[in-house]
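Fold and contact review
Listed below, chain by chain, are the residues.
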There are 8 protein chains.
Amino acid sequence: GFVKIDHHRRQRQGVPEIIFGEGKTAEQITTIIESLKSRGHEVLATRISQEKAAFILNEMPDLTYNETARTVSFVTKKPEGAGYIAIVCAGTSDLPVAEEAAVTAETLGVPVRRFYDVGVAGLHRLLAHIDEIRGADVSVCVAGMEGALPSVLGGLVENPIIAVPTSIGYGANFNGLSALLSMLNSCASGVSVVNIDNGFGAAYNAVLIHRLAHKGATT
Amino acid sequence: GFVKIDHHRRQRQGVPEIIFGEGKTAEQITTIIESLKSRGHEVLATRISQEKAAFILNEMPDLTYNETARTVSFVTKKPEGAGYIAIVCAGTSDLPVAEEAAVTAETLGVPVRRFYDVGVAGLHRLLAHIDEIRGADVSVCVAGMEGALPSVLGGLVENPIIAVPTSIGYGANFNGLSALLSMLNSCASGVSVVNIDNGFGAAYNAVLIHRLAHKGATT
Amino acid sequence: GFVKIDHHRRQRQGVPEIIFGEGKTAEQITTIIESLKSRGHEVLATRISQEKAAFILNEMPDLTYNETARTVSFVTKKPEGAGYIAIVCAGTSDLPVAEEAAVTAETLGVPVRRFYDVGVAGLHRLLAHIDEIRGADVSVCVAGMEGALPSVLGGLVENPIIAVPTSIGYGANFNGLSALLSMLNSCASGVSVVNIDNGFGAAYNAVLIHRLAHKGATT
Amino acid sequence: GFVKIDHHRRQRQGVPEIIFGEGKTAEQITTIIESLKSRGHEVLATRISQEKAAFILNEMPDLTYNETARTVSFVTKKPEGAGYIAIVCAGTSDLPVAEEAAVTAETLGVPVRRFYDVGVAGLHRLLAHIDEIRGADVSVCVAGMEGALPSVLGGLVENPIIAVPTSIGYGANFNGLSALLSMLNSCASGVSVVNIDNGFGAAYNAVLIHRLAHKGATT
Amino acid sequence: GFVKIDHHRRQRQGVPEIIFGEGKTAEQITTIIESLKSRGHEVLATRISQEKAAFILNEMPDLTYNETARTVSFVTKKPEGAGYIAIVCAGTSDLPVAEEAAVTAETLGVPVRRFYDVGVAGLHRLLAHIDEIRGADVSVCVAGMEGALPSVLGGLVENPIIAVPTSIGYGANFNGLSALLSMLNSCASGVSVVNIDNGFGAAYNAVLIHRLAHKGATT
Amino acid sequence: GFVKIDHHRRQRQGVPEIIFGEGKTAEQITTIIESLKSRGHEVLATRISQEKAAFILNEMPDLTYNETARTVSFVTKKPEGAGYIAIVCAGTSDLPVAEEAAVTAETLGVPVRRFYDVGVAGLHRLLAHIDEIRGADVSVCVAGMEGALPSVLGGLVENPIIAVPTSIGYGANFNGLSALLSMLNSCASGVSVVNIDNGFGAAYNAVLIHRLAHKGATT
Amino acid sequence: GFVKIDHHRRQRQGVPEIIFGEGKTAEQITTIIESLKSRGHEVLATRISQEKAAFILNEMPDLTYNETARTVSFVTKKPEGAGYIAIVCAGTSDLPVAEEAAVTAETLGVPVRRFYDVGVAGLHRLLAHIDEIRGADVSVCVAGMEGALPSVLGGLVENPIIAVPTSIGYGANFNGLSALLSMLNSCASGVSVVNIDNGFGAAYNAVLIHRLAHKGATT
Amino acid sequence: GFVKIDHHRRQRQGVPEIIFGEGKTAEQITTIIESLKSRGHEVLATRISQEKAAFILNEMPDLTYNETARTVSFVTKKPEGAGYIAIVCAGTSDLPVAEEAAVTAETLGVPVRRFYDVGVAGLHRLLAHIDEIRGADVSVCVAGMEGALPSVLGGLVENPIIAVPTSIGYGANFNGLSALLSMLNSCASGVSVVNIDNGFGAAYNAVLIHRLAHKGATT
Ligand SMILES: Nc1ncnc2c1ncn2[C@@H]1O[C@H](COP(=O)(O)O)[C@@H](O)[C@H]1O
Ligand SMILES: Nc1ncnc2c1ncn2[C@@H]1O[C@H](COP(=O)(O)O)[C@@H](O)[C@H]1O
Ligand SMILES: Nc1ncnc2c1ncn2[C@@H]1O[C@H](COP(=O)(O)O)[C@@H](O)[C@H]1O
Ligand SMILES: Nc1ncnc2c1ncn2[C@@H]1O[C@H](COP(=O)(O)O)[C@@H](O)[C@H]1O
Ligand SMILES: [Mg+2]
Ligand SMILES: [Mg+2]
Ligand SMILES: [Mg+2]
Ligand SMILES: [Mg+2]
Ligand SMILES: [Mg+2]
Ligand SMILES: [Mg+2]
Ligand SMILES: [Mg+2]
Ligand SMILES: [Mg+2]
């Protein structure tokens, strides 16, 4: 029956709440975080500009601002346990999205390993780390412009890949459309896609997969 | 080193090869299947029209044609083991894509359960089966037209969902664009997306996730 | 004959005039409102930024500014009579559009009931209110991102639904295109659509329908 | 509770079932209609080609095929009662969509009046009938190419208009996109829009509105 | 031979030069105008913001700034002679484009008559002036949103119409795309189209047509 | 008043009626032409396939079929009088559209001169005829692929140009979109545009302009 | 002066003429080829279907039909001389485009080396041949779906790459748009792009570059 | 083997490094340039706004800022040697892109000749310089709006052309889409295309081609 829905995961104490900061004022975000903290929740807010962060941390100095990921968080536990998510990223311009993914996964308690600036036009950079990426339960693969990285990576690893197109580029990039279409048309199997710049969503999916891979350990 | 790539998963005997039939002639497909069978491989070919299937099965009568899924297969083992993939499908017009996913997963050895014709405009149909869908390790969620099903399902289940937009619809559907954009913009967490009508790709991702969820059992 | 057009609804005294504020200066809007008020008209102006509102209310302090709806109004009568319009809204980011609809309907004299933040990813929120929504003569259904709410609602209520896509979202949302296409492709019957972010237009349609439903009472 | 959904309008005996024929074989449609007829339902099937109709009527000679509307129906009652829906149509090429709307409304029991070939490039044709169109409870307004008719009509009538863009045209028409965008951007109030070529959907909405306008008479 | 090109119309003294101001700095525009004036040319500069105009007129106080048309001009002769161009415009938001057209035509020496705010949703406004519009040699017809005005006007007048879509609107307007597609698909004959917001280009075409219509007077 | 509309050009005897053949059956077209001929009208029907033409001419052997232009006509008078329209065409694949324009203009009584296969990649071909094109009152300029011809021609002639994009091309041509956008963005003044492949519409505009240029002679 | 254009490459005897066969009838192509052959020209015709080829070769049995490239040719000389063009191709479905390029280059007298089925999802296939590709003066790089191959190749070779997107794929491929946008956004330097499926154009560019690289040898 | 990739061209001392400035802060760019200079590299940074340039040159006054090209460079050698690249540009608004190309080529050591403001609407401007353009090894051809210049130029020169669409224009230009599609559909052979506004990429390709044309001289 429907009563099950009431026992929704996010309502259980101790699991971090995640707030989407875009389109909310610094005051609104502050109010939400204060309310959550007071009820004992850990908190992550994404898409927080530097101006908003300054306001929020002035009110709650025990929060942490990650400037690249544009996140504000109040998290007391460290990610721990077996396995890890690989966060793989093509160029330095894609870092904000990659870090949004990394911080989200860590906030949700899962260890990540970062493999940044390994775009396909300099293949040796990716190949230098390929064994460690293969060791991950699941990869989040972030790329803008032509979005080719998930196709190359998909041919090299056997575990699932969550591809994140970014809006990095100009001209015929059309704000991430080129990377999005590339990833949806990937000739490599084992690649699924989330929205442009949606580092959070990719990490969330990866965390669900990681949880499945390691649920045997705890049950 | 790169030598690892040579030992690619699909080249290992006993794991089915999957052939994309679109744009290949019946003769070409027949030749490929014969060659694979003779080397002891199990085989699945997708996107096979009735005309092509007639030709192929005339040559190799021990193959099976699934008319809805439009697949030809030579598979000797049954899917078995713990866990299952839920194949959830909005309308009867989406059946070919859903069945392509189902047959792919079964061919790769993973049990599936089918939940068909449970589109969001008649919510009770989905809710009637929700507990069994929740029990799946991962769901493949197939929908055309407005593609709303993954968003609704995503709010009801905790495991990952692979969403497949279909090209079913007309007018402002633009051959599946409406469903694709819907799924990429899903407000539910835990949803990732594959290409329009890509039942195979969704199943492949789901199989990788299922394998992770149950690898403890065999290792 | 054409002379009928001269007796256009809006020219009749006492029925509120509605001004589209976008692309007009605060001075222009002030002049229009002053002229209408002096002729005894009630007035509603939509798409009024906070800056413009400050200017306008400085000139005419008896006006009301609704910050969420971004409307300025001079209305002396309360909505009254039988029946009501349900204003149903998926997320808190959609509130400005929902409130533009609500204020428009109320200004035109029709009672509304608000059902906000009932998006499809948390279905229990919608189901908790479904009987009251079913009681409305007509619903205005506002949603951004994947725009799935009208499809779900359309399967649950029997009266007409005016769907309003909003531009809320990012990436493959393309400024509301994803929600617009979803709604146009709705698999639920009884759903028609207005322009992206057009809360006013949806309410205007709903008011016409409500008037038809209750004209028996007055005639 | 949810049990209400089981008593869905269409399941109640005597109210016609409506089948979407596109993508179904003549055999499938025949089976569905036979099953519905045997349970006492009236039936309407839309998007039926001449070939399919020939097959179906061969099996069930008491059905009626409307060649323009491309519908097959088994309806025993005549539309009757107060009020009517105006079906207004720009060009002769739009007739199949207009007739799909007209037949749908009549099948659902509501009288319609047809105003065909009254496109805006010959305004006198529309103006000759404007008083009778104004008398309708609601209009379905069908136009292809530039889709300007709902804007002109919307300025002349006070009741709601359901606009249906058609795919008629070529070149920069993009299969109905030009008419669709026109109608969504209509500068006339009181216009809402359904999918390209969706005569059925427009009529369904109009019937719901007509029912509201006349429910007083029966309740 | 090619030598004819050297005797290009614009190089002949006394005919106004027209400068496209967008993307040029106030300094650059000032330099160009000074140079042209010093050689005895009349000058028109379009797309001049208020800031740029302030700078330019500070340097050359004998220039005229038209705030609505966003033009700066130095023209000593009045438009004169037989015939006129009708500038017809749907809404007040379209005024900048209509005025750019009007000022361009007048600068090139052709009389214009303005028919503003005669959009199709209030047809009586257009019909009140239709005889005078019919009297024009050619009409420039400016409209945003659904861009329906040229289709209606085209059915009422026999001379050519140059249609100008404007970027006025929001949502599914897509910056003028809806009006552009409407006008290209006009069911009225005698309508041709220029770029979105290109009042200058429409007027230039109209001036060429007017010149043909009246060249008999001078030859 | 509106009565003027009744005296519409097409209703006056002797002026050819123009029928749009696309989407009409050969029987329907035959009926329309017979009816018009019997009332003394000259007739032109466009977009007539070879199959339809065979049927129609079998019924009325005194009609003429122009295979390239895909027109059927019954015209007894020759184009005559001063001036001419230049029909300028880039490639041989654009001929059907160019000929539709030429036949339309001739049917409406205006002499044309044809300048075919003068695309911009072989500039000498255009330059060889430029003086004669300059002598035309107005040019219809037909081009597919990149649609550059109107821009080049616009810089070489002083009279108006009606540009017709064609759907000739493949790939990033998108059925004529590339040529359409090119022509709308032409950097040459004096160019206006009609719909993709609309040879009829271009000629109709050109005839209106030619009539203005020569009305002095007859009035 | 312009007289130079008359001495255009194609007019010089012995250099092959290239005919674009799409949209031409078998009769037309036969006539063109006969005329060219009779004047001593070598000839290549592209985009020739099997049906057309059968007709043409029946008339001129000394022609050669390449079924994959879909070309008909009459060429008497072999490609020879220093250097070569690498034709690199992602998947077997891209073969027709790759072969159109290869045949075009060979017809124009330049040696080619083929590297087929070396798509990025199986990187070892490309790397196995990389030294030989590096040895080419210029590469033509053909790929459909996500079009990632030029980016990977561009990072591995130093000479120019002409990228050809193909229309191979389905769904969000949009007939080659995904590959086209990918290639235009390539993060590798040294990559330029031609139209979707334009193997001819890519080869033509490559031949020009090869000629520059080796002109020293003959001058 | 892969070790070759480590000896990447740009890593070799003395060859300029090229930095893409967009999306990097002035501080980041300063740090990168300082690090490269200290290792003896020549440096070019593109897409540098005036504000960023002021900051950077304050730190390193021996750098050069090119305001039009928006580049900052530290280059000690002059371009020299045989041959040259022609930089051909349609309008003055395209100058930033043309200059980005010119500066890039010069920085990479190749002489360029500039042919600016030679758009197709004033053909004599291009023809006046055509012999000198023909003398170039390769041309970079920059144009916005309708992007017709490469097609015209391609018919006049025999060497390769790298076409660069620019985002200059408005309305149906769609930020450079019109010019991009034009260039991809060019009817002239020998034209390949890079991304919108990608002056750098065009020059890079041209430099590779120039190098091939003159490598004989140095080897
Ligand atoms: N960066 C992000 N992108 C997309 N969704 C997000 C992001 N961050 C958080 N979310 C989602 O937004 C939800 C909270 O939204 P809200 O109720 O508006 O605060 C979270 O539970 C996540 O599902
Ligand atoms: N508002 C306008 N829109 C489009 N083109 C214009 C406009 N104003 C001037 N032009 C054109 O731009 C040319 C001058 O461009 P420029 O040399 O860049 O100033 C004029 O000769 C006109 O052809
Ligand atoms: N090839 C054509 N393209 C566009 N419109 C045409 C064409 N041929 C005729 N027409 C228009 O279609 C009208 C006739 O349409 P119909 O009444 O459907 O035959 C004519 O009066 C013209 O305005
Ligand atoms: N496959 C092709 N794709 C694009 N252009 C081609 C192709 N084959 C030939 N061409 C071009 O088309 C020209 C001949 O066109 P045509 O005059 O129509 O025969 C050739 O000289 C080439 O420039
Ligand atoms: Mg893989
Ligand atoms: Mg979920
Ligand atoms: Mg309903
Ligand atoms: Mg109205
Ligand atoms: Mg007219
Ligand atoms: Mg001109
Ligand atoms: Mg390279
Ligand atoms: Mg050339």
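Conventions and cut-offs
Residues numbered from 1 in each chain as written. Chains lettered and ligands numbered in written order. Predicted model: local features only at pLDDT ≥ 70, side-chain atom pairs only at ≥ 80, totals over all residues. Heavy atoms only, no water. Helix = DSSP H or I, 4+ residues; strand = E, 2+ residues; numbered from the N terminus. Rg over C-alpha atoms; globule rule 2.2 N^0.38 Å. Buried < 20%, exposed > 50% of the residue type's maximum accessible area, 1.4 Å probe, protein only. Contact = heavy atoms within 4.5 Å. Salt bridge = Lys/Arg side-chain N within 4 Å of Asp/Glu carboxyl O. Pairing = 2+ DSSP bridges. Axes fitted to C-alpha atoms, helices over the stretch in contact; angles between N-to-C directions. Least-squares fit on C-alpha atoms with pLDDT ≥ 70 in both. Phe/Tyr/Trp six-rings, centres within 6.5 Å; stacked < 30°, edge-to-face > 60°. Lys NZ or Arg CZ within 6 Å of the ring centre and 35° of its normal. Parallel < 35°, antiparallel > 145°, perpendicular 65-115°, else oblique. Left-handed = near helix turned anticlockwise from the far one by under 90°. Nonpolar A, V, L, I, M, F, W, Y, C, P; charged D, E, K, R; others polar. pLDDT = per-residue confidence, 0-100. Buried area = accessible area lost by both parts, 1.4 Å probe. Polar contact = N/O pair within 3.5 Å; in protein donor to acceptor, adjacent residues only side chain to side chain. Donors = N, O, S within 2.8 Å, 3.2 Å for Na, K, Ca; no water. Right-handed = clockwise from strand over helix to strand, strands pointing away. Expected span 1.5 Å × (residues − 1).

So, about the overall build of chain A. A tally of regular secondary structure across chain A gives 9 helices and 9 strands. Against the globule reference of 17 Å for 219 residues, chain A gives a C-alpha radius of gyration of 18 Å, in line with a compact fold. Judged by the C-alpha coordinates and their principal axes, chain A covers about 50 × 45 × 35 Å. When each of the 219 residues of chain A is scored for burial, the buried share is 60%. Taking all contacts inside chain A whose residues are at least 6 apart in sequence as the whole, residues at least 24 apart take part in 68%.

For side chains bearing opposite charge, pairing can occur when the charged atoms are close. Under the definition given, this model contains 64 salt bridges over all chains. Ionic pairing is found between D:Glu100 and D:Arg47, a salt bridge with its closest N-O pair at 3.0 Å. Here D:Glu100, found in helix H4 (residues 95-107), pairs with D:Arg47, found in the loop between strand E2 (43-46) and helix H3 (50-59); they are 53 residues apart in sequence, far enough to count as distant. G:Glu106 serves as the salt-bridge partner of G:Arg114, at 3.3 Å between the closest nitrogen and oxygen. Here the residues in one salt-bridge network are A:Glu22, A:Arg47 and A:Glu100, joined through shared partners.

So, about the sheet that holds strand E4 (residues 71-74) of chain C. Residue and element names in this part refer to chain C. Read across the sheet, 4 strands follow the order E1-E2-E4-E3 without closing on themselves; strand pairing throughout is mixed. Two strands lie at the open edges of the sheet, namely strand E1 (17-20) and strand E3 (64-66), each paired on one side alone. Ignoring strand direction, the axes of neighbouring strands in this sheet form an average angle of 20 degrees. The pairing of E1 with strand E2 (residues 43-46) spans 4 bridges and is parallel. In the strand pairing of E2, Glu17 is matched with Val43. Helix H2 (residues 26-38) rests against E1, E2 and E4 of the sheet, and its axis sits at about 165 degrees to E2.

A separate point is the relation of the copies chain D and chain F. The relation between the two copies of this chain is a rotation about an axis and a shift parallel to it. Once chain D has been moved 0.1 Å along the axis and rotated by 90 degrees, it coincides with chain F to within an RMSD of 0.1 Å. Both chain copies can therefore be described as sitting about a four-fold axis. Within chain D, D:Phe174 has its C-alpha nearest the rotation axis, a separation of 7.3 Å.

Summed over all chains, the structure comprises 16 aromatic pairs over all chains. Over the ring of F:Tyr84 we find F:Arg113; its NZ or CZ atom is 3.7 Å from the centre of that ring. Here the basic side chain of G:Lys37 rests over the ring of G:Phe74, its NZ or CZ set 4.6 Å away from the ring centre.

As a further point, take the packing of helix H2 (residues 26-38) of chain H against helix H3 (residues 50-59) of chain H. Working note: a packed helix pair is described by the angle between its axes plus the distance between those axes. Residue and element names in this part refer to chain H. Relative orientation of the contacting elements H2 and H3 amounts to 40 degrees, with a least axis distance of 9 Å. Taken together, the axes of H2 and H3 lie oblique to each other. Regarding H2 and H3, the two cross each other, and that crossing is right-handed. For the pair H2 and H3, contact is made by Ala26, Glu27, Ile29, Thr30, Ile33 and Glu34 and by Lys52, Phe55, Ile56 and Glu59, respectively. A class-by-class count of the residues in the contact of H2 with H3 yields 5 nonpolar, 1 polar and 4 charged.

Here the focus is the confidence of the model for chain A. All names here are of chain A. The predicted model of chain A has a mean per-residue pLDDT of 91, with 91% of residues at 70 or higher. Counting contacts from residues 1-13, a segment whose pLDDT is below 50, to residues more than four positions away or on other chains yields 24 contacts. What the predictor reports for the complex is a pTM of 0.94 with an ipTM of 0.93.

Trans is the prevailing form of peptide bonds, just as negative phi is the prevailing case for residues other than glycine. With phi around 60 degrees, F:Asn175 is a residue other than glycine that occupies positive phi space. Turning to its location among the elements, F:Asn175 is positioned in the loop between strand E8 (161-165) and helix H8 (177-184). F:Asn175 sits in the exposed class, given a relative accessible area of 60%. With a phi close to 45 degrees, H:Met145 is a non-glycine residue in the positive phi region.

The least C-alpha distance between chain B and chain F, which are not in contact, is 15 Å. For the non-touching pair chain D and chain H, the nearest C-alpha separation works out to 12 Å.

All names here are of chain F. If you walk across this open sheet you meet the 4 strands as E1-E2-E4-E3, and the pairing is mixed. Sheet topology places strand E1 (17-20) and strand E3 (64-66) at the edges, where each strand pairs with a single neighbour. Taken pair by pair, the neighbouring strands of this sheet meet at an average axis angle of 20 degrees, ignoring direction. In the packing of helix H2 (residues 26-38) onto the sheet, contacts are made with E1, strand E2 (43-46) and strand E4 (71-74), and the angle to E2 comes to roughly 165 degrees.

A word on the interface of chain D and chain F. Contacts between chain D and chain F engage 7 residues on the former and 12 residues on the latter. Note on chain D versus chain F: buried area summed over both sides is about 780 Å², and carbon and sulfur give 66% of it. Considering only the surface of chain D that becomes buried against chain F, D:His124, D:Tyr170 and D:Phe174 emerge as the three largest contributors, covering 64% of it. Between the two partners, chain D and chain F, sit 0 salt bridges. Summed over the shared surface of chain D and chain F, the result is 3 residue pairs in polar contact (both at pLDDT 80 or more).

As a further point, take the coordination of the magnesium ion (ligand 6). Donor atoms from the polypeptide that bind the magnesium ion (ligand 6) are B:Gly154 (O) and B:Val157 (O), placed at 2.1 to 2.4 Å. In this structure B:Gly154 comes out as buried when scored by relative accessible area, which is 8%.

The next point concerns the pairing of strand E2 (residues 43-46) of chain B. Residue and element names in this part refer to chain B. Burial of E2 is two-sided: the residues Val43 and Ala45 facing one way and the residues Leu44 and Thr46 facing the other way are all buried. The parallel pair strand E1 (residues 17-20) and E2, bridged by helix H2 (residues 26-38), forms a crossover whose chirality is right-handed. Note that E2 and strand E4 (residues 71-74) share 3 bridges and pair antiparallel. Considered in E4, the bridge of Leu44 is made with Ser73.

Attention shifts here to helix H2 (residues 26-38) of chain A. All names here are of chain A. An ideal rise of 1.5 Å per residue puts 18 Å on 13 residues; H2 measures up with 18 Å between its terminal C-alpha atoms. Along its buried surface, H2 packs onto strand E1 (17-20), strand E2 (43-46), helix H3 (50-59) and strand E4 (71-74). Remark: Gly40 follows H2 within two positions and exhibits a positive phi of approximately 85 degrees.

Take the environment of E:Tyr170 next. Relative to the helices and strands, E:Tyr170 is located in the loop between strand E8 (161-165) and helix H8 (177-184). Taking the C-alpha atoms as reference points, E:Tyr170 and E:Met145, 25 residues apart in sequence, are found 7.9 Å from one another. Apart from the residues within four sequence positions on either side, E:Tyr170 is in contact with C:Phe20, C:Glu22, C:Arg47, C:Asn195, C:Ile196, C:Asp197, C:Asn198 and D:Asn185.

All names here are of chain H. By secondary structure assignment, the location of Gly199 is in helix H9 (residues 199-218). Residue class for Gly199 comes out buried when judged on its relative accessible area of 0%. Sequence-wise, Gly199 and Ala148 are 51 residues apart; in three dimensions their C-alpha atoms are separated by 17 Å. When near neighbours in sequence (up to four residues on either side) are disregarded, Gly199 contacts Val97, Glu100, Ala101 and Val164.

One face of the sheet, then the other: side chains in a regular strand alternate in exactly this way. All names here are of chain H. The pairing of strand E5 (residues 85-89) with strand E6 (residues 112-115) spans 4 bridges and is classified as parallel. The partner of Ala86 across the bridge, within E6, is Arg113. Handedness of the crossover joining E5 and E6 through helix H4 (residues 95-107) is recorded here as right-handed.

Residue and element names in this part refer to chain B. Between its terminal C-alpha atoms helix H4 (residues 95-107) stretches 18 Å, which fits the 18 Å expected from 13 residues at 1.5 Å a residue. Across the 13 residues of H4, 10 count as buried, placing the element largely inside the fold. Positive backbone phi, approximately 95 degrees, marks Gly109, located one or two places after H4.

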